[in-house]
Each structure stands twice: as C-alpha cells, then as structure tokens.
Amino acid sequence: MSAMPGRMNETHGDSLRGSATLGKSVMVKGQIISREDLTIDGEVEGTVELQEHRLTVGPNGKVQASVKAREIVVLGTVQGNVEATDKIDIRKDAKLVGDIKTVRIVIEDGAYFKGSIDISKPEVSKPAAPRPQTASTPAALNAQPPLAAGAGAGDKR
Amino acid sequence: MFKDRWRTILMPSNRPHANGPHGQMRTGAVATPPATHAPSHSRNSHGLDQFFGSIQDRTELSLLDFTGANQANISFITNLGHRLYSDDVLHSLDATFGDGDFFANQSDPKRVQQFLEQTLNFPDRYFDGALVWDTLQFLAPPLLDLVVDRLFRILRPDAYLLAFFHADEKASTIPVYSYRISDPKTLLLAARGKRPPAQFFNNRSLERLFHQFASVKFFLTRDHLREVIVKR
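Residues numbered from 1 in each chain as written. Chains lettered and ligands numbered in written order. Predicted model: local features only at pLDDT ≥ 70, side-chain atom pairs only at ≥ 80, totals over all residues.

Visitor: What exactly am I supposed to notice about the environment of B:Gly68 here?
Guide: Residue and element names in this part refer to chain B. By the secondary structure assignment, glycine 68 is in the loop between β3 (62–65) and α2 (71–79). Take glycine 68: there are 21 C-beta atoms within 10 Å of it, and that puts it in the buried class. Through-space distance from the C-alpha of glycine 68 to that of serine 86 is 5.7 Å; in sequence the pair is 18 residues apart. Discounting chain neighbours no more than four positions away, the residues touching glycine 68 are Ser86, Asp88, His91 and Ser178. (Helix = DSSP H or I, 4+ residues; strand = E, 2+ residues; numbered from the N terminus. Buried ≥ 20, exposed ≤ 12 C-beta atoms within 10 Å, placed from the backbone. Contact = placed C-beta atoms within 7 Å.)

Shown next as structure tokens:
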C-alpha cells in the first residue's frame, strides 16, 4: 500500500466495500484521515481521524496515536487519547492506555485499560426553526417545533 | 485540624479484632494465577455505602479506582455523572516489582520512583475520592508510606478514601479480588487468586498509616475484611 508522507487516504480497492484496511505488515507514521470505516491490523503512529465512521483496531493492531471516530472497536493495542462520538468497545485481551471521551463504553472482562473516562451526553440536533408567518398563513396559536432526532443515547446501566 | 478519634464498628456475630503485633513482614512470592472464569460472590459493604453517601447529590467529581477497569464500576460511576480514572494497580505492582523478590524489590528506589510516576502521577488535590480496595496490603514500607502520602496529596480536602485490609493474621496467603460495584451498598467480588500480604494491620497501625488524614473509621466484617473509610 503506498502512502503520501504524513497523510493516508482511503484505498481504491476497499472503497468499493466502504471499508479500508491497513494490513499486519503495514506501518504508518503520520496523520490518517478516513471517510469510510477503517480496520488497522498493522502499526500506526500519529493521529487517526474518522469523523463519521468506525475504527477497528484488530488483534494485531498497534496504534500509538490520538484517535477520533464515531465508533471505536479495540481488539489490539491503543496508546493515546481516544474520542468517540458514539461508542467505544474494548474487547477481551485488548489494551488501551489513554484518556477516553465517549457517549457509551463497553469493556469486556480480560481487557486492560488505564486512563480516565469522560462520558459525554449525546449531541441532539437542534429543532428546525419555525416558518415565519405570512399574510396568507393562518396563525398557529399552539404550534410546536418538530421533534429533534436523537443522536444515539448511551446505554444506562 | 481537628482529628476524629478512630472508631471500630463491629458487625454482629463477629469476633473482636486481635491486637496482635503488626509489621510481620512476609517474603515475596509469586501470586497464584487467577482462574480463567473466577468465581465471584456479592457482599454488602458499609464502607462503600459511606463512601458514596459522602458524595451524594454531587456530580462531575473525579474518582480514582484501583481495581482495574470493569464494566460495572465504569457504568456505575459514570452514570452518577462523575469522571473515572481507572488503573489496575496490582497489575502495575507485578509489572514493576514482580521479577524476583516482590517485596524486596519494593525497596529499590528506582523501581519505586518508576511505580509512583506510572501510577500516581497526578496534580495535588486532583481527586474527589479514591477506591483503593485491598491494594495497600500488598505494599511494603517504604513504598506503602510513599503511596499513602501520594494519595493524601492528590485527594482534595474532605475527600474520602476506601481501603480494605484482610484481618486474619494467621493466613499466610489471602484472597485477592476484583471489586465490582453493584449498587452503593453492594459489591461483587471476582476472585483473582491468592497472594501473601506484606503485613497485617490492626486498628492502631492503620491509624498510624493514615496519620495525615482527618479521620479514620473501621468496619470489621464477618469475612475477615477490615473496611477502612478515611477522610482527607
């Protein structure tokens, strides 16, 4: 897999499946920005950013980076601060050292974690602004704004 | 600073604690590896009840948990609106001092410094509470005193610390647990094998250990566990 120095974009082959993979023998030093789901089975050092997608650190994956994604699944090793707008899933035998910021977190027995956990409230999209009244629009005395779409509330245990 | 006298609260049908000599040092030994699917049991905890009672109706606190990250504690503490710092300190102890004589290695200044930097490197007055569970009983002096001193510094005034000490002085090895919070009064203890403690403590020696703190309260339970709730 070729990479521009300091920056990696999605591969052509995997983009058809909507998911990219860094294989076991791949090592990247620098900034990774992906607009699709990404699986890391190799080594990454730097930063990893997948705003609206899922990052999976495979069992052989070693990530020494700050990570931001919608969802993060860790089966390998991550050392760095991790931020997920939806969920972080730390599986058995995984290792994560760093500070976590997320809406939801799941950690299996057997996983190793060291750091802080900040649970943030899910973002709620703002309700649409009411239409301005015109002369032909009858006044709605008790009009209510449309219901806001939830951004995935965390599981409450 | 006014210092409360320590009080021992004996639970019903318990034998009184023995005022035996403390400081009987044990030689290091490798801990028995825990079973893959360790048995667990639940128990009521008055110390835990006091700890969470002290922070009731407060949110956005920073709490320190020494038992290692587990779903129960993460969910319980973060659902209360608090920030959790989690570390498996027993794992860190083994990683730093576990090669060779576990207790003798705790006198090595370089290893001690490494352990303190990796485990308790926080600003002063950073935490609003600390759940150190049974970890302190596996620390030998001078490491034990350094850790307690560091805990004193990183806790805010009026913060509470909860610690457990095994009370059966005849036991050569004691069970080690992962402590999972079920509710503010109940713990689920998942067995992690057995290991020898550094020393046994009685109430007097515990009061000396926590001499910097404002107050020390004891709960002695029927399962040979001395729960200690300490106020910074």
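Continuing now.
Visitor: I'm lost on the sheet that holds strand β7 (residues 174–183) of chain B in this one. Help?
Guide: The strands making up a sheet are joined through hydrogen bonds of the backbone, oriented either antiparallel or parallel. Residue and element names in this part refer to chain B. The antiparallel open sheet is built from 3 strands, whose spatial order is β2-β8-β7. The open sheet has two free edges, formed respectively by β2 (40–44) and β7, since each of these has just one partner strand. Each adjacent strand pair in this sheet contributes to an overall mean axis angle of 35 degrees, direction not counted. Bridge count between β7 and strand β8 (residues 186–195): 8 bridges; the pairing is antiparallel. Its bridge partner lying in β8, isoleucine 174 is registered against arginine 195. (Pairing = 2+ DSSP bridges. Axes fitted to C-alpha atoms, helices over the stretch in contact; angles between N-to-C directions.)

Visitor: Looking at this model, I keep getting lost on the interface of chain A and chain B. Mind explaining?
Guide: By convention, interface size is frequently given as the accessible area that disappears when the constituent parts associate. Each partner contributes to the interface: chain A provides 13 residues, whereas chain B provides 13 residues. Residue assignment for the side of chain A that touches chain B shows that the elements contributing at least two residues are β11 (104–107) and β12 (112–119) of chain A. With 7 residues, β12(A) is the largest single contributor of residues to the side of chain A that touches chain B. Of the residues belonging to the side of chain A that touches chain B, the class tally is 7 nonpolar, 1 polar and 5 charged. Sheet topology places β12(A) next to strand β4 (residues 83–86) of chain B; 3 bridges connect them, and they run antiparallel. Bridge assignment links A:Ser116 to a residue of β4(B), and that residue is B:Tyr85. (Nonpolar A, V, L, I, M, F, W, Y, C, P; charged D, E, K, R; others polar.)

Visitor: Just checking my understanding: could you explain the packing of helix α3 (residues 89–97) of chain B against helix α4 (residues 109–119) of chain B for this structure?
Guide: In a pair of packed helices, the angle between the axes and the distance between the axes together describe the arrangement. All names here are of chain B. In the contact formed by α3 and α4, the axes pass within 10 Å of each other and the chain directions differ by 150 degrees. By the angle class used here, α3 and α4 are roughly antiparallel. In terms of crossing hand, the pair formed by α3 and α4 is right-handed. On the side of α3, the interface is formed by Val89, Ser92, Thr96 and Phe97, while α4 contributes Arg111, Gln114, Phe115, Gln118 and Thr119. (Parallel < 35°, antiparallel > 145°, perpendicular 65-115°, else oblique. Left-handed = near helix turned anticlockwise from the far one by under 90°.)

Visitor: Is there a simple way to think about the environment of A:Glu43 in this case?
Guide: Residue and element names in this part refer to chain A. Along the polypeptide, glutamate 43 turns up in strand β5 (residues 43–57). Taking the number of C-beta atoms within 10 Å as the measure of exposure, glutamate 43 has 20 and is therefore buried. Here the alpha-carbon distance between glutamate 43 and lysine 121, two residues 78 residues apart in the chain, equals 32 Å.

Visitor: What exactly am I supposed to notice about α2(B) here?
Guide: Structurally, the α-helix is built with 3.6 residues per turn, so residues lying three or four positions apart point the same way. Taken as a whole, α2(B) has its buried residues at B:Asn73, B:Ile74, B:Ser75, B:Ile77 and B:Thr78. On its buried side, α2(B) packs onto β11 and β12 of chain A together with β3, β4 and β7 of chain B. Two residues or fewer after α2(B) comes B:Gly81, characterised by a positive phi angle close to 90 degrees.

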